[in-house]
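Each chain, letter by letter, is given below.
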Amino acid sequence: MKKLIAKFIFFIYGWKADFKDEYKIPKTVMLASPHTSNWDLVFALGVYWIEGIDAKFLIKDAYTKSFFGFFFKWLGAIGVDRKKHNNLVDYSIELFNASKKLTLMVPAEGTRERVEKWKTGFYHIAKNANVPVSFGFLDYGKKLAGVGDVYVLTGVFESDMEYIEDFYSTIEAKFPELYNKKIF
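What counts as what
- Every chain is numbered independently, its residues counted from 1 as its sequence is written.
- Restriction of local features to residues with pLDDT of at least 70 applies here, the model being predicted, together with a cutoff of 80 or more for giving and counting side-chain atom pairs; totals for whole chains, interfaces and linings are based on all residues.
- Working from all heavy atoms in the structure, the side-chain values ignore hydrogens and water.
- Where helices and strands are cited, they refer to DSSP runs of H or I of at least four residues and of E of at least two residues respectively, numbered from the N terminus.
- Only the C-alpha atoms count toward the radius of gyration. The rule for a globule is 2.2 Å times the residue count to the power 0.38.
- Burial classification: accessible surface area is computed with a 1.4 Å probe over protein chains only, and a residue below 20% of its type maximum counts as buried, one above 50% as exposed, and the rest as partly exposed.
- Axes here refer to lines fitted to C-alpha atoms; in helices the fit is confined to the stretch in contact. Angles between the N-to-C directions go from 0 to 180 degrees.
- Should the near helix be turned anticlockwise from the far one by less than a right angle, the crossing is left-handed, and should it be turned clockwise, the crossing is right-handed.
- Any two residues having at least one pair of non-hydrogen atoms within 4.5 Å are treated as being in contact.
- Polar here means any residue other than Ala, Val, Leu, Ile, Met, Phe, Trp, Tyr, Cys and Pro, which are nonpolar, and Asp, Glu, Lys and Arg, which are charged; Gly is therefore polar.
- The pairing test for Phe, Tyr and Trp rings, Trp by its six-membered ring, is centres within 6.5 Å, and the orientation test on the planes gives stacked under 30 degrees, edge-to-face over 60, and tilted for anything in between.
- In this analysis the charged atom, NZ for Lys or CZ for Arg, is taken to sit over a ring once it is within 6 Å of the ring centre and within 35 degrees of the ring normal.

Moving on: the overall build of the protein. Of the regular secondary structure elements, the protein holds seven helices and seven strands. When the elements of the protein are put in sequence order from the N terminus, they spell out α-β-β-α-β-α-α-β-α-β-α-β-β-α. On C-alpha atoms alone, the protein measures out to a radius of gyration of 16 Å, which is about the 16 Å that the 2.2 N^0.38 rule sets for 184 residues. Taken along the three principal axes of its C-alpha coordinates, the protein extends 40 × 40 × 30 Å. The burial tally for the protein puts 45% of its 184 residues in the buried class.

On to the packing of helix 5 (residues 88-98) against helix 6 (residues 121-129). Relative orientation of the contacting elements helix 5 and helix 6 amounts to 40 degrees, with a least axis distance of 9 Å. The handedness of the crossing between helix 5 and helix 6 is right-handed. The residues of helix 6 that touch helix 5, namely those facing Val-89, Ser-92, Ile-93 and Phe-96, are Gly-121, His-124, Ile-125, Asn-128 and Ala-129. Split into classes, the residues belonging to the contact of helix 5 with helix 6 amount to five nonpolar, four polar and no charged.

Before going further, it helps to examine the packing of aromatic side chains. Applying the stated rule across the entire model yields 25 aromatic pairs. Plain terms: the ring middles of Phe-43 and Tyr-140 are 6.1 Å apart, the flat faces sit at 80 degrees to each other, and that makes the pair edge-to-face. Placement of the pair is Phe-43 in helix 2 (residues 39-50) and Tyr-140 in the loop between strand 6 (133-139) and strand 7 (144-151), with a sequence separation of 97 residues. Its relative accessible area of 14% is what places Tyr-140 among the buried residues. A cation over an aromatic ring shows up here: Lys-182 above the ring of Phe-184, its NZ or CZ 5.5 Å from the ring centre.

Here's what the structure looks like:
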């Protein structure tokens, strides 16, 4: 059902999916970038649904406990009680340790607004959970959604971030003025 919905949305809006089979791995922190619009979730989930990947994302538990909570859970939301889980990095590592299979989408910018640099929680999650980082992208200029690389962190923060920054430097956001290509 999800695959049909995603294919329909991609057809209507003229988008294409770009996803290689070797990028389908059991555990990964999936960067979701650039993140400048609410539409980003639609197209990001769409490409994962087309490829049969059950991507998850963290959200305030008020959404998953609301009247429409079933819908958010169906989308892949994991509700987080911020009173119990003040450290989302540690909580995410626990999720990876407790799962045999987990694709956790993380919008590294942390907001749809322009930021001076990315938040580094995704880096610490991947490093401490010992999982690779997948480069999920939405290129609005090409109407292309997908995963462009799977990268095992070296542990050398600056060089890892340079590698990631280089990949995302050619991607066009829906609102380019809100996307800072200098990530660290």
